[in-house]
Amino acid sequence: MKSFFNFLYLKKSNLIAVVFLVLVFCLSVLVPFLSPYSDDIHGAVFFENKNHLPSISHWFGTDSAGRDVFTLTVYGAMSSFKVAFGVVFLSVLIGVPVGLIAGVSSGSKTDEALMRITDGFLAFPPIVLPIIITTVLGPSLNNVIIGIAISWFPWYARISRSQAIIIKSSDYVMISKSLGASKFHIIKNHIFPNIVNSLFIQGSIDAGYAILTAAGLSFIGLGVQPPDVEWGLLINNARSQFLNNWWVMFFPGLFLVLSVVSFNIIGDGLREYYNRKWDRI
Amino acid sequence: MKSKILTLNDISVKLNNKKSQAKILDSVSLDIYKSEILGLIGKTGSGKSILAKTIVGLINSKEFKKRGEILFHEDDNLKDKTTLRGLQVSMIFQEPSKSLNPVQSVGKQFRIILKKKFGYNKGRCQKMIKAWFKKVHLRPADSFMQRYPHQLSGGQMQRVMIAIAMAIRPKLLVADEITTALDANLKNDIFDLVLSLVEESKTAVLLISHDLHLIKSYCDRISVIKKGRIIETDKTKNIFKNPRAWYTKKTIKKLFNVDNKKALPKSKLSEPFIIIKNISKIYNVFGSSVLALKKVNLNILNKEVLGIIGQSGSGKSTLVKILLQVIRQDEGVIKIVDGLGRATKHEQPNRKFGVVFQDPLGSLNPKMKIFDILAEPLVLRGITSFDNIKQKADIVMKQTDIKDSFLYRYPHQLSGGQRQRVSIARALITEPSFLILDEPTSSLDIQVQKRILRLIKKIKEKNKITVVLISHDLESMIGLADRIAVLYKGEIIEQGNTNEILYNPNTQYTKNLVSTISN
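Residues numbered from 1 in each chain as written. Chains lettered and ligands numbered in written order. Predicted model: local features only at pLDDT ≥ 70, side-chain atom pairs only at ≥ 80, totals over all residues.

Caption draft 1: Structural context of the overall build of chain B. From N to C terminus, chain B includes 19 helices and 19 strands. Burial analysis of chain B (519 residues in total) assigns 44% to the buried set. Summarising the internal contacts of chain B: among those between residues at least 6 apart in sequence, 70% fall at separations of at least 24. (Helix = DSSP H or I, 4+ residues; strand = E, 2+ residues; numbered from the N terminus. Buried ≥ 20, exposed ≤ 12 C-beta atoms within 10 Å, placed from the backbone. Contact = placed C-beta atoms within 7 Å.)

Caption draft 2: Region of interest: the interface of chain A and chain B. With 17 residues of chain A at the contact, the number on the chain B side is 20 residues. Taken together, the elements giving at least two residues each to the side of chain A that touches chain B come down to α7 (171–178) and α8 (183–219) of chain A. No other element matches the seven residues that α7(A) contributes to the side of chain A that touches chain B.

Caption draft 3: Broad picture of the sheet that holds strand β10 (residues 272–285) of chain B. Residue and element names in this part refer to chain B. If you trace the four strands from one edge of the open sheet to the other, you get β11-β10-β13-β14, paired in antiparallel fashion. Strands at the two margins of the open sheet, each flanked by one partner only, are β11 (288–301) and β14 (343–345). Adjacent strand axes in the sheet meet at a mean angle of 25°, parallel and antiparallel pairs treated alike. As defined by bridge partners, strand β13 (residues 331–337) adjoins β14 across three bridges and the pair is classed as antiparallel. Bridge pairing in β14 places Lys 335 opposite Lys 345. Its contacts with the sheet put helix α13 (residues 316–324) on β10 and β11, and the angle it makes with β11 is roughly 60°. (Pairing = 2+ DSSP bridges. Axes fitted to C-alpha atoms, helices over the stretch in contact; angles between N-to-C directions.)

Caption draft 4: Just helix α17 (residues 446–463) of chain B, in detail. Residue and element names in this part refer to chain B. Spanning 18 residues, α17 covers 25 Å between terminal C-alpha atoms, matching the ideal 26 Å at 1.5 Å per step. When we look at burial in α17, the residues that qualify are Val 448, Gln 449, Ile 452, Leu 453, Ile 456, Ile 459 and Lys 460. Looking straight down α17, one finds its buried side chains confined to an arc of 135°; they lie on one side. The outward face of α17, more than 90 degrees from its buried face, is lined by the exposed residues Arg 454, Glu 461 and Lys 462. Residue Lys 464 follows α17 closely and has a positive phi angle near 50°. (Expected span 1.5 Å × (residues − 1). Arc of directions from axis to C-beta.)

Caption draft 5: Just the packing of helix α14 (residues 370–380) of chain B against helix α16 (residues 416–428) of chain B, in detail. All names here are of chain B. It is the contact of α14 with α16, at a shortest axis distance of 8 Å, that shows an interaxial angle of 30°. Taken as axis vectors, α14 and α16 run roughly parallel relative to one another. Crossing handedness for the pair α14 and α16: right-handed. Packed against α14, whose contacting residues are Ile 370, Ile 373, Leu 374 and Pro 377, the element α16 presents Val 422, Ala 425 and Arg 426 at the interface. Considering only residue class, the contact of α14 with α16 consists of six nonpolar, no polar and one charged. (Parallel < 35°, antiparallel > 145°, perpendicular 65-115°, else oblique. Left-handed = near helix turned anticlockwise from the far one by under 90°. Nonpolar A, V, L, I, M, F, W, Y, C, P; charged D, E, K, R; others polar.)

Shown next, in the form of structure tokens:
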């Protein structure tokens, strides 16, 4: 906890980014209970209210179906955060064990086999593999998460492997080996605790890009499907009326950009924080 | 009178954080003259390295507050220290492994610096690097250029750093404990080389070292620093003959008062405990074979302290790893003899072996608290109860003088000497029958070195275990080792009891080693 506050104290931008994300997340949880337009979340339409400009009663205006854009935008954050954490969690879950096993047995056939398989996934351009996977599995939020995670896990495997190779040659691992420690013991006690920081940094940056990629998939119709709400989907729906009713596309877009930027700031902040901590050592 | 090259005017450096504003340097004023070698001596934590970093402009302004003025007399336009670094002043650090980028070959790192400094093209840089590598005895230069830092020994890495620092033709070279990792012979070679370069280019040197022999032999003047204050600066002759400050007197007296002859133990021959037969090891580095050990034959006798001495790159660390069986030898066999005289092959890591490495920080996992570090060897032997671990930890902590409050600290929260005590405690916690000490004191300053050596002596007398003490420093073995083996380029060129080696060395290499300490 102390480390977390030190991280916030390090730079104002870290504090702003964390506060923004926490605020958006809390609002997305509370909006179904607090918003007078909570029915809009479930696909209700009110054509008598369509295309209203932002006002006191509709802070971000209304869309072509008369739904409150503020309620939809804030609620859409929930799907985006699910994607962000889901993708990072799944990528770490697949990539880290692969990388650690390859790293501790570097130079062996196991390492060679595992890394060539991950290289195979890297051979696809970053957006193509999620498109193929979501097309095959069918468009839904969970399939978007699976699709992106399968495309991204090789990066976590690579980070873990390279760190494992460095840590494996350290004196403390050598001592542990000389005492008869197994590979599992070395991974669990020595390598994994020392790569957690790198994973946090990579995860925070990737969380932002995961939101962006998911929004991209929703935009081309392969992501979240109505009546679910997601920023990419909201932007896609408002695409045709952007010139007349700019607010319907602008606010979800703004939240998307701010969230991605916030995750990036946190990632950069964590890198700086851990490097400073390391320098002091 | 020589002209001044650098003047420090009333330099003070304070910590800049809310918890502490402790003064690290206190009104330091110092002149460095053209082409002189100025020695800087002082205890650990006296501010030597911070002073060096301040001169080069490497202290972080967010963490330290600096006051005072640094004047570089060569060029008035270069008063700003950040422009001096790499142009007029270069620095060589204590730990070469931390100074080199682990993911770039040393040749590439060297080339980047030459390109920045001189704007040379790749071919010209390569030529210059080859020439420099030859000068610092890194041969074959082509092979060394392609190597990554982890493929070099500590000494070789430091030679790369010396080559890089000198290649930019600095006016002032700041050398912070640069020969700590090198053996006695090489120390002088490297310093002779640095001296010849210094004379040629009229480079001034600020030499920071805890090795007073070195300081005495090479420096024109000496400054003594204590708690961030320069307490005495004078010519070397005057400092050693007639030190003014009480602290200087004490430091010098301590060093030259050791009566080596009295400290020698008598050798007690006993049964072999470990038999090393025809061990060879070859590493493949970029397609070329490097012979690390060549048919090493050695008996380690029961309950003796065997000193193994050798220069950097002589195969000491490889021998340790093979003894621990964390790497396998290409040829030969190691046998362990039990109490009944039966010899069994040693092919797997043995939990009755303890080891202490050179770098106390590198040998402790930075993410583990001291308690967990001490507990690990026990956990690996199946002892998991907290009470049992604590009981055993208490015993070794008492023996190694580790305070109870350290148990819940992380390694970076301890000093170098304290960390090395923890390493020793970890090695002892399983009550090993065999202890390997690989350069246990070489990264520590002279006072801490002595304390650690005293501790090892105490352990040797109390625990009655077999110890192998590996070092590049013959002096540290006096009073500790019963026998000494000399390792040179992967071969044991001489072995015998300590008295024989010291008073009747057979090989030229050993004679040189002995002469450096008798000086």
